[in-house]
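As a plain string of letters, each chain reads:
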Amino acid sequence: MQRNLVSNDYINMYLKQMGAESISRINSYMNIVKFRLFNDVTVSYVFNITKHNKYYLQRMEPYAMTRGKFSTSNELIDFIASDIAKFRNASRSSNFDRFVKLAQDDNSALSLIEQLFLTRNVDPQTLDDLTGDIEELKGKVRKALDQTAKVDDYEVCIERNMNIIHGKKDD
(Lines give C-alpha, C1' and ligand atoms only; values in the text may rest on other atoms or scores of the structure.)
Protein backbone atom coordinates (compact mmCIF):
# COMPACT_ATOMS: atom_id res chain seq x y z
CA MET A 1 0.00 0.00 0.00
CA GLN A 2 2.80 2.42 0.83
CA ARG A 3 4.30 1.95 -2.65
CA ASN A 4 1.01 3.01 -4.27
CA LEU A 5 1.00 6.25 -2.28
CA VAL A 6 4.59 7.02 -3.29
CA SER A 7 3.77 6.31 -6.96
CA ASN A 8 0.69 8.49 -6.66
CA ASP A 9 2.69 11.40 -5.24
CA TYR A 10 5.40 10.94 -7.89
CA ILE A 11 2.88 11.00 -10.75
CA ASN A 12 0.98 13.96 -9.36
CA MET A 13 4.20 15.96 -8.88
CA TYR A 14 5.10 15.51 -12.56
CA LEU A 15 1.59 16.28 -13.73
CA LYS A 16 1.68 19.55 -11.75
CA GLN A 17 5.01 20.39 -13.40
CA MET A 18 3.35 19.77 -16.78
CA GLY A 19 0.73 22.39 -15.93
CA ALA A 20 -2.14 20.43 -14.39
CA GLU A 21 -4.68 22.95 -13.17
CA SER A 22 -6.03 20.64 -10.50
CA ILE A 23 -5.45 17.15 -9.15
CA SER A 24 -7.96 15.45 -6.87
CA ARG A 25 -7.21 12.23 -5.06
CA ILE A 26 -10.05 9.92 -4.05
CA ASN A 27 -9.37 7.11 -1.56
CA SER A 28 -5.61 7.26 -2.27
CA TYR A 29 -5.90 5.24 -5.48
CA MET A 30 -8.05 7.28 -7.83
CA ASN A 31 -6.90 10.60 -9.24
CA ILE A 32 -8.69 13.20 -11.34
CA VAL A 33 -6.34 15.51 -13.24
CA LYS A 34 -7.37 18.59 -15.22
CA PHE A 35 -5.33 20.62 -17.68
CA ARG A 36 -6.62 23.92 -19.07
CA LEU A 37 -5.27 24.58 -22.55
CA PHE A 38 -5.76 27.31 -25.14
CA ASN A 39 -9.22 28.67 -25.88
CA ASP A 40 -10.54 27.35 -22.54
CA VAL A 41 -10.10 23.75 -23.68
CA THR A 42 -10.01 21.40 -20.69
CA VAL A 43 -8.43 17.97 -20.92
CA SER A 44 -9.06 15.80 -17.89
CA TYR A 45 -8.13 12.27 -16.91
CA VAL A 46 -9.03 9.75 -14.26
CA PHE A 47 -6.39 7.21 -13.33
CA ASN A 48 -6.36 4.43 -10.79
CA ILE A 49 -3.44 2.60 -9.27
CA THR A 50 -4.29 -1.07 -8.90
CA LYS A 51 -3.21 -3.30 -6.03
CA HIS A 52 -0.61 -4.76 -8.42
CA ASN A 53 0.90 -1.29 -9.07
CA LYS A 54 -0.53 -1.01 -12.57
CA TYR A 55 -2.11 2.18 -13.83
CA TYR A 56 -5.50 2.38 -15.53
CA LEU A 57 -6.20 5.63 -17.42
CA GLN A 58 -9.31 7.19 -18.93
CA ARG A 59 -9.57 10.58 -20.59
CA MET A 60 -12.80 12.27 -19.51
CA GLU A 61 -12.67 15.66 -21.29
CA PRO A 62 -13.10 17.01 -23.87
CA TYR A 63 -14.60 13.59 -24.66
CA ALA A 64 -14.43 10.26 -22.84
CA MET A 65 -12.04 7.59 -24.05
CA THR A 66 -10.44 4.65 -22.29
CA ARG A 67 -6.69 4.88 -22.72
CA GLY A 68 -5.75 1.54 -21.13
CA LYS A 69 -3.34 0.07 -18.62
CA PHE A 70 0.25 1.11 -18.07
CA SER A 71 2.94 -0.93 -16.34
CA THR A 72 4.90 1.93 -14.80
CA SER A 73 4.26 5.43 -13.54
CA ASN A 74 6.68 6.77 -16.17
CA GLU A 75 4.64 5.16 -18.98
CA LEU A 76 1.52 6.85 -17.60
CA ILE A 77 3.23 10.24 -17.29
CA ASP A 78 4.75 9.99 -20.77
CA PHE A 79 1.38 9.08 -22.29
CA ILE A 80 -0.36 12.04 -20.62
CA ALA A 81 2.47 14.39 -21.66
CA SER A 82 2.14 13.23 -25.26
CA ASP A 83 -1.65 13.44 -25.20
CA ILE A 84 -1.60 16.96 -23.73
CA ALA A 85 0.91 18.09 -26.37
CA LYS A 86 -1.36 16.76 -29.12
CA PHE A 87 -4.40 18.50 -27.63
CA ARG A 88 -2.47 21.78 -27.19
CA ASN A 89 -1.62 21.69 -30.86
CA ALA A 90 -5.05 20.51 -32.04
CA SER A 91 -6.89 23.08 -29.92
CA ARG A 92 -5.41 25.80 -32.16
CA SER A 93 -7.25 24.38 -35.18
CA SER A 94 -10.31 26.17 -36.48
CA ASN A 95 -11.91 22.70 -36.73
CA PHE A 96 -11.25 21.71 -33.12
CA ASP A 97 -14.81 22.30 -31.86
CA ARG A 98 -16.20 20.27 -34.76
CA PHE A 99 -13.77 17.44 -34.02
CA VAL A 100 -14.77 17.37 -30.34
CA LYS A 101 -18.45 17.34 -31.30
CA LEU A 102 -17.79 14.44 -33.70
CA ALA A 103 -15.98 12.49 -30.96
CA GLN A 104 -18.79 13.19 -28.48
CA ASP A 105 -21.36 12.06 -31.06
CA ASP A 106 -19.35 8.86 -31.54
CA ASN A 107 -19.56 8.22 -27.79
CA SER A 108 -23.31 8.84 -27.92
CA ALA A 109 -23.64 6.37 -30.79
CA LEU A 110 -21.72 3.76 -28.83
CA SER A 111 -24.07 4.27 -25.89
CA LEU A 112 -27.08 3.79 -28.20
CA ILE A 113 -25.55 0.62 -29.65
CA GLU A 114 -25.04 -0.71 -26.14
CA GLN A 115 -28.61 0.15 -25.21
CA LEU A 116 -29.84 -1.62 -28.34
CA PHE A 117 -27.93 -4.83 -27.65
CA LEU A 118 -28.56 -4.96 -23.92
CA THR A 119 -32.26 -4.19 -24.03
CA ARG A 120 -33.58 -5.48 -27.36
CA ASN A 121 -33.74 -8.69 -29.38
CA VAL A 122 -31.82 -7.64 -32.48
CA ASP A 123 -32.32 -9.59 -35.69
CA PRO A 124 -29.27 -10.73 -37.71
CA GLN A 125 -30.04 -8.40 -40.65
CA THR A 126 -30.01 -5.34 -38.39
CA LEU A 127 -26.68 -6.51 -36.96
CA ASP A 128 -25.32 -6.96 -40.48
CA ASP A 129 -26.55 -3.49 -41.50
CA LEU A 130 -25.03 -1.82 -38.45
CA THR A 131 -21.75 -3.68 -38.88
CA GLY A 132 -21.60 -2.60 -42.53
CA ASP A 133 -22.29 1.03 -41.60
CA ILE A 134 -19.58 0.99 -38.94
CA GLU A 135 -17.08 -0.64 -41.33
CA GLU A 136 -17.91 2.01 -43.93
CA LEU A 137 -17.31 4.78 -41.40
CA LYS A 138 -14.00 3.23 -40.32
CA GLY A 139 -12.99 3.03 -43.99
CA LYS A 140 -13.78 6.74 -44.46
CA VAL A 141 -11.68 7.63 -41.41
CA ARG A 142 -8.76 5.47 -42.65
CA LYS A 143 -9.03 7.14 -46.07
CA ALA A 144 -8.97 10.59 -44.45
CA LEU A 145 -5.87 9.54 -42.45
CA ASP A 146 -4.17 8.45 -45.66
CA GLN A 147 -5.15 11.54 -47.66
CA THR A 148 -4.42 14.32 -45.18
CA ALA A 149 -1.13 15.83 -44.11
CA LYS A 150 0.21 14.80 -40.73
CA VAL A 151 0.67 17.53 -38.16
CA ASP A 152 4.33 17.49 -37.18
CA ASP A 153 4.12 20.39 -34.76
CA TYR A 154 2.80 18.22 -31.95
CA GLU A 155 6.00 16.15 -31.95
CA VAL A 156 7.93 19.28 -31.00
CA CYS A 157 5.42 19.89 -28.19
CA ILE A 158 5.79 16.30 -27.00
CA GLU A 159 9.58 16.60 -26.94
CA ARG A 160 9.32 19.87 -25.00
CA ASN A 161 6.97 18.24 -22.44
CA MET A 162 9.32 15.25 -22.09
CA ASN A 163 12.26 17.58 -21.54
CA ILE A 164 10.35 19.37 -18.78
CA ILE A 165 9.41 16.07 -17.16
CA HIS A 166 12.93 14.71 -17.30
CA GLY A 167 14.64 17.98 -16.27
CA LYS A 168 16.31 18.78 -19.60
CA LYS A 169 16.52 22.25 -21.11
CA ASP A 170 15.11 23.10 -24.54
CA ASP A 171 17.72 23.61 -27.24
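Look a little higher up for the structure.
Keep in mind the model is a prediction, meaning the values are calculated, not measured. (Residues numbered from 1 in each chain as written. Predicted model: local features only at pLDDT ≥ 70, side-chain atom pairs only at ≥ 80, totals over all residues. Heavy atoms only, no water.)

1. Examining the pattern of salt bridges
Logical step 1: All chains considered together, the criterion is met by five salt bridges.
Logical step 2: Note that lysine 101 and aspartate 105 form a salt bridge whose closest N and O atoms lie 2.9 Å from each other. Residue lysine 101 and its partner aspartate 105 are both found in helix H3 (residues 96-119); the two are separated by four residues, about one turn of the helix.
Logical step 3: Under the relative-accessibility criterion, aspartate 105 is labelled partly exposed at 37%. (Salt bridge = Lys/Arg side-chain N within 4 Å of Asp/Glu carboxyl O. Helix = DSSP H or I, 4+ residues; strand = E, 2+ residues; numbered from the N terminus. Buried < 20%, exposed > 50% of the residue type's maximum accessible area, 1.4 Å probe, protein only.)

2. Describing a nonpolar patch on the surface
Logical step 1: A contiguous nonpolar surface patch, about 300 Å² in accessible area, is contributed by Leu137, Val141 and Leu145.
Logical step 2: As for its placement among the helices and strands, leucine 137 is situated in helix H4 (residues 124-147). (Patch = residues over 30% accessible without salt bridge, like charges linked within 9 Å, V, L, I, M, F, W, Y side chains within 5 Å. Areas by Shrake-Rupley, 256 points an atom, 1.4 Å probe, with all protein chains shown as cover.)

3. Some remarks on the pairing of strand S5 (residues 65-70)
Logical step 1: In the sheet, strand S4 (residues 55-61) pairs with S5 via five bridges, with the strands oriented antiparallel. If you follow tyrosine 55 over to S5, its bridge partner there is phenylalanine 70. (Pairing = 2+ DSSP bridges.)

4. Looking at the sheet that holds S4
Logical step 1: Taking strand neighbours across the sheet as the criterion, the five strands line up as S1-S2-S3-S4-S5 in an open arrangement whose pairing is antiparallel. Each end of this open sheet is capped by a strand with a single partner; those strands are strand S1 (22-26) and S5. Ignoring strand direction, the axes of neighbouring strands in this sheet form an average angle of 20 degrees. (Axes fitted to C-alpha atoms, helices over the stretch in contact; angles between N-to-C directions.)

5. Considerations on the nonpolar core
When a protein is soluble and globular, its nonpolar side chains tend to lie buried together.
Logical step 1: Formed by 26 residues in total, the largest nonpolar core has its most connected members in Leu15, Phe35, Phe47, Leu76 and Ile80.
Logical step 2: Within the residue set of this core, elements represented by two or more residues are helix H1 (2-17), strand S2 (30-36), strand S3 (42-49), S4, helix H2 (73-90) and H3.
Logical step 3: When residues of this core are assigned to their parent elements, the largest contribution, six residues, is made by H2.
Logical step 4: Dropping the residues within four chain positions of it, phenylalanine 47 is found in contact with Asn8, Ile11, Asn12, Leu15, Tyr29, Met30, Asn31, Val33, Tyr56, Leu57 and Leu76. (Core = buried A, V, L, I, M, F, W, Y, C linked by side-chain atoms within 4.5 Å. Contact = heavy atoms within 4.5 Å.)

6. Concerning the packing of aromatic side chains
Logical step 1: Evaluated as defined, the whole model comprises five aromatic pairs.
Logical step 2: An angle of 80 degrees between the planes, with centres 5.7 Å apart, marks the rings of tyrosine 63 and phenylalanine 99 as edge-to-face. Of this pair, tyrosine 63 sits in the loop between S4 and S5 while phenylalanine 99 sits in helix H3, and the two are 36 residues apart along the sequence.
Logical step 3: Overall, tyrosine 63 belongs to the buried group, its relative accessible area being 9%.
Logical step 4: Centre to centre, the rings of phenylalanine 70 and phenylalanine 79 are 5.4 Å apart; their planes meet at 45 degrees, and the pair counts as tilted.
Logical step 5: When its relative accessible area of 11% is taken as the criterion, phenylalanine 70 is described as buried.
Logical step 6: Among the aromatic side chains, those forming a connected cluster through ring pairs are Tyr63, Phe87, Phe96 and Phe99. (Phe/Tyr/Trp six-rings, centres within 6.5 Å; stacked < 30°, edge-to-face > 60°.)

7. A short note on a negative patch on the surface
Logical step 1: Taken together, the side chains of Asp123, Asp128, Asp129 and Asp133 make up a negatively charged region of the molecular surface.
Logical step 2: You can see aspartate 123 is positioned in the loop between H3 and H4.
Logical step 3: Residue classification places aspartate 123 among the partly exposed positions, given a relative accessible area of 37%. (Lys, Arg positive; Asp, Glu negative; His and termini not counted. Charge placed at Lys NZ, Arg CZ, Asp CG, Glu CD.)

8. A closer look at the environment of glutamate 135
Logical step 1: Mapped onto the secondary structure, glutamate 135 falls in helix H4.
Logical step 2: A polar contact is formed between the side chain of glutamate 135 and the side chain of lysine 138, at a distance of 3.0 Å. (Polar contact = N/O pair within 3.5 Å; in protein donor to acceptor, adjacent residues only side chain to side chain.)

9. A look at the layout of surface pockets
Logical step 1: In this structure, the largest pocket occupies an estimated 1,800 Å³ of space.
Logical step 2: Taken together, 39 residues form the lining of the largest pocket, with Tyr63, Phe99, Leu102, Val141 and Leu145 sitting closest to its centre.
Logical step 3: The set of elements that each furnish at least two residues to the lining of the largest pocket consists of S5, H2, H3 and H4.
Logical step 4: With twelve residues, H3 is the single largest residue contributor to the lining of the largest pocket.
Logical step 5: Grouping the constituent residues of the lining of the largest pocket by class yields 23 nonpolar, six polar and ten charged. (1 Å grid on protein atoms, 1.4 Å probe; cavity = no way out; pocket = protein on both sides within 12 Å on 5 of 7 lines; lining within 4 Å. Points joined across faces, edges and corners; volume = space filled by probe spheres on them. Nonpolar A, V, L, I, M, F, W, Y, C, P; charged D, E, K, R; others polar.)

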